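Fold and contact review
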Amino acid sequence: MKYFSIIVFFCSFLVETFAQSNVRAWQAHGQVWVVWENDQPLSGQFSIFTNPDLSPDLTTWNEIGRLFPELTYPASARRHIGIDDLHYKIPNGNGGTYTLEENEGLFVETIRETKDQYFLIQNCEEGPCNLPVAQSSVSNQVNILFDETSRPKPHLQASTEISLGQFINLFYLWTEGRSDHRDGLPCFPIMGNQHTNGWPHVFAVWNGPNADLSEPAPAIHWLHGGSGNFSQYLPDRRPEINNNSDEGVVVCHNDDFMRYVQGHLVFNESNSWWFGWGKDHNPFDKSHNGPSASDTIINYSQRRIKFINDWLIEQGVVDEHRVAIQGYSVGSAGAVGMVKSFPEIFSSASIFSCGHQGPDDDNFGSLLLGNKELDLPTNLKDRFGNTLHIHDLYDLQTFTSFEDLPLIRSWHGKNDINPTMKWDKEFLDEARYADSIGLGYQLYWDERTHPILEWNTHWTNGPSSSEQTQKDNTAFHERYRNDQSYPVFYNYRLYDIEHIDPGDGSLGTGAIGVGDDWGTWGGYH
């Protein structure tokens, strides 16, 4: 729908100099796109208000969102991919696209009802904005028409070629946030709380060298580790894990969650553990020191991954029966959580360097999700209808449904001294229990440390094919389907064969003295 400009003279308005001007807005693809011009360099925070009337009284305007400056332009894609001149590319309301200029900012509001609306942009150093309403800060009136067939979707931003000759497609998705996480549209779930409404999220998609996209292809979702980003797992990077598909597509997600942590503003250093955050969590609150004991952790990030997967299936790109997931470190914890929460979606999963114990008492994990003592409730239920708590999400035994599990392969390193993901007795007790109850996990261990760039082990670089399993790569997943069953092996540790004793959980220091240096329970099949 076209937007209609209305020239209004604010004769009675207080007129001052503000950092934003030329505000305009329009409707397209189930969302309203609000664009404005900024003075450079950017600073402070941006608050977005709406009002059906042109009122000079700010108290009559409704604040619908707030953005850090880095969210008003594609900062994540720029810093991780290195495209310094990348700007948001958005639908223009007339069937085409509009590319923002360097000095332009963007906010995106999801449409829920038919109405006429003005949009107001204010820039403040911090805290609630209460500046006078100025003509330069108000948009045209937008005649918003709710159409349930016009569904919000990801939007392609760029297609860039890498060293292998493949093209990486960068997408952004602008999500809706509300205080009630159950109040989403049937076609567009709530993917943030009221403090993160309209926030952008980047992800990358690429095709394997032998992909035939004339029909739906297998897909592998990749989740990066803590303080990491999606660009680390592009197909020409980190050969230790051979992160390239063959005949399918790879979807590499990003989980930076910009917020204040103990008074310090963090960006890609912070993440949601690929699950979400508290329904009351305010990322703009400098005094935030962790969730309260009464908060509930909502699976906003899980919903985003699932929505992107559903969208790719609907586009005819992905075969719904061949969807896999894998991740490293915090990303592997996220993969565990996704597989346990939505087992019907996935055909297989690979878990790299995961302690299966959830966030430890560190600044980025416990200050977002709560520590083990709190063990806060989530919005999910286990298979018996009981509330699932955050630390239940990452273990090897608690599940949300009676659905069969996909094939799950988990690798852990005996030289892993990461404070949260370390090799220890707690992990081995969990692994032994999982092996004993017939869940069919393929549990591997070897000499690896935590950092991927230091891996040089039997799985990744064995001296002969008889001393390693098939390489733990992305293309492995393409053979499996979620509508087929496979035999599983358990109590494997009780059989009298080689390489089945991982030891007692003692950390290795170079040469490992307790148990077999490398081995597997159920993984040789």
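Since the model is a prediction, treat every value here as computed from it, not as a measurement.

Remarks on the packing of aromatic side chains
Geometrically, a pair of aromatic rings is defined through the distance of the ring centres and the angle of the planes. This model, assessed by the stated rule, comprises 28 aromatic pairs. Arranged with centres 5.6 Å apart and planes meeting at 75 degrees, the rings of phenylalanine 171 and tryptophan 311 form a pair that is edge-to-face. Within this pair, whereas phenylalanine 171 is found in strand S11 (residues 167-174), its partner tryptophan 311 is found in helix H2 (residues 300-314), the two being separated by 140 residues in sequence. Each member of the pair phenylalanine 171 and tryptophan 311 is classed as buried. Taking the centre distance of 5.5 Å and the plane angle of 45 degrees together, the rings of phenylalanine 476 and tyrosine 480 count as tilted. Tyrosine 480 matches phenylalanine 476 in its accessibility class, with the two residues each being buried. Clustering of aromatic rings is evident, with ring pairs tying together Phe68, Trp199, Phe257, Tyr260, Trp277, Phe284 and Tyr300. Lying over the aromatic face of phenylalanine 399, lysine 340 brings its terminal NZ or CZ to 5.6 Å of the ring centre. Above the plane of the ring of tryptophan 455 lies arginine 448, whose end atom (NZ or CZ) is 4.1 Å from the centre.

Overview of the state of the cysteines
Per the stated rule, a full pass over the model turns up one disulfide. In this model, cysteine 124 is linked to cysteine 129 through a disulfide, with the two sulfur atoms separated by 1.8 Å. In this structure cysteine 124 comes out as buried when scored by relative accessible area, which is 9%. Assessed through its relative accessible area of 8%, cysteine 129 is described here as buried. For cysteine 252, which is in no disulfide, the shortest distance to another cysteine sulfur is to cysteine 354 and amounts to 18 Å.

Notes on the confidence of the model for the chain
Averaged over every residue, the pLDDT of the chain is 88; the share at 70 or more is 91%. Taken as a whole, residues 1-18 scores under 50 in pLDDT and shows 37 contacts with residues more than four places along the chain or in a different chain.

Comments concerning the sheet that holds strand S10 (residues 155-161)
If you walk across this open sheet you meet the ten strands as S10-S11-S12-S14-S13-S19-S20-S23-S24-S25, and the pairing is mixed. Each edge of the open sheet carries a strand with a single partner, namely S10 and strand S25 (519-521). Neighbour-to-neighbour, the strand axes of this sheet turn through a mean angle of 20 degrees, independent of strand direction. Where helix H3 (residues 330-341) meets the sheet, it contacts strand S13 (217-223), strand S19 (318-328), strand S20 (348-352) and strand S23 (407-413), and its direction lies at approximately 145 degrees from that of S19.

Basis of the calculations
Residues numbered from 1 in each chain as written. Predicted model: local features only at pLDDT ≥ 70, side-chain atom pairs only at ≥ 80, totals over all residues. Heavy atoms only, no water. Phe/Tyr/Trp six-rings, centres within 6.5 Å; stacked < 30°, edge-to-face > 60°. Helix = DSSP H or I, 4+ residues; strand = E, 2+ residues; numbered from the N terminus. Buried < 20%, exposed > 50% of the residue type's maximum accessible area, 1.4 Å probe, protein only. Lys NZ or Arg CZ within 6 Å of the ring centre and 35° of its normal. Disulfide = S-S within 2.5 Å. pLDDT = per-residue confidence, 0-100. Contact = heavy atoms within 4.5 Å. Pairing = 2+ DSSP bridges. Axes fitted to C-alpha atoms, helices over the stretch in contact; angles between N-to-C directions.

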